[in-house]
Amino acid sequence: MIRKMEHVSIMVRDMDQSIRFYSEIFGFNVRLRGSKSDREMAFLYLESQPDMEIELIHEKKEKLKYIETGIVNHLAFTVENIDETIQFLKEKEIIVTSDMVKPTLDGGRMIFFHGPSRELLQLVEKVK
């Protein structure tokens, strides 16, 4: 039935700011960007995983209310070294939601932080 995950959609307040965030912080590339009368959309991908994308959606007419927890609960990124990644985020003035890295169910490590539209993001360091 299901062959792969296609993309995760995130409602954003500012499309340009969100594209810059995902491009500059995580290295995503824009595959497609377009708009209709009521919304703007962009699809972003990583070179190392081009078949999994993030879809950013900006409602031009603000029909939808943005809520603090977001339309998507969270988006997780696997990292090699969570401590180095947290330091990188802090250098970019991105605030993580906790001072402590927490364990994952499978013995890895994780921490949460927010993107520019207050979308909840997670870093996960897998068990080696």
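See above for the structure.
All of the points below concern the structure found in this document.

### Topic: the sheet that holds strand β5 (residues 75-79)
- The four strands are arranged β5-β8-β7-β6 in an open sheet whose pairing can be described as mixed. The outermost strands of the open sheet, each flanked by one partner alone, are β5 and β6 (102-103).
- Direction of pairing for strand β7 (residues 109-114) relative to strand β8 (residues 120-125): antiparallel, over a ladder of six bridges. Counted as the bridge partner of Met 110 is Val 124 from β8.
- Set on the sheet, helix α2 (residues 82-91) makes contact with β5, β7 and β8; between it and β7 the angle comes to about 15°.

### Details of the packing of aromatic side chains
- For the structure shown, the criterion picks out seven aromatic pairs.
- Between Phe 21 and Tyr 22, the ring centres sit 5.1 Å apart and the planes meet at 90°, which makes this aromatic pair edge-to-face. You'll find Phe 21 and Tyr 22 in the same group, each marked buried.
- On the numbers, 6.1 Å between centres and 75° between planes, the contact of Phe 28 with Phe 77 is edge-to-face. With Phe 28 in the loop between α1 (15-26) and β2 (29-35) and Phe 77 in strand β5, this residue pair connects regions lying 49 residues apart in the sequence.
- Through a chain of ring-to-ring contacts, three or more aromatic side chains come together here, namely Phe 21, Tyr 22, Phe 26, Phe 28, Phe 77 and Phe 113.

### Some remarks on the sheet that holds strand β4 (residues 49-59)
- Strand order in this open sheet of four strands is β1-β4-β3-β2, and the pairing throughout is mixed. Each end of this open sheet is capped by a strand with a single partner; those strands are β1 (7-11) and β2. Between one strand axis and the next, the sheet turns through 20° on average, direction left out of account.
- α1 contacts β1, β2, β3 (39-46) and β4 of the sheet and is inclined by roughly 155° relative to β4.

### A short note on unusual backbone geometry
- Of note, Glu 93 is a non-glycine position whose phi angle comes to about 65°, a positive value.
- As for its position among the elements, Glu 93 is in the loop between α2 and β6.
- Residue Arg 118 is not a glycine yet carries a positive backbone phi of 65°.
- In this structure, Arg 118 sits in the loop between β7 and β8.

### Details of α1
- In this model, α1 (12 residues) spans 16 Å end to end at C-alpha, consistent with the 16 Å of a helix rising 1.5 Å per residue.
- Those residues of α1 lying buried are Met 15, Ser 18, Ile 19, Phe 21, Tyr 22, Ile 25 and Phe 26. Within α1, the buried residues cover an arc of 165° as seen down the axis, which keeps them to one side.
- Two to three positions downstream of the cap, the backbone nitrogen of Asp 16 sits 3.1 Å from a side-chain oxygen, assigning the N-cap of α1 to Asp 14.

Conventions and cut-offs
- Residues numbered from 1 in each chain as written.
- Predicted model: local features only at pLDDT ≥ 70, side-chain atom pairs only at ≥ 80, totals over all residues.
- Heavy atoms only, no water.
- Pairing = 2+ DSSP bridges.
- Helix = DSSP H or I, 4+ residues; strand = E, 2+ residues; numbered from the N terminus.
- Contact = heavy atoms within 4.5 Å.
- Axes fitted to C-alpha atoms, helices over the stretch in contact; angles between N-to-C directions.
- Phe/Tyr/Trp six-rings, centres within 6.5 Å; stacked < 30°, edge-to-face > 60°.
- Buried < 20%, exposed > 50% of the residue type's maximum accessible area, 1.4 Å probe, protein only.
- Expected span 1.5 Å × (residues − 1).
- Arc of directions from axis to C-beta.
- Polar contact = N/O pair within 3.5 Å; in protein donor to acceptor, adjacent residues only side chain to side chain.

Interpretation note: all reported values are geometric properties and have no functional meaning in isolation.
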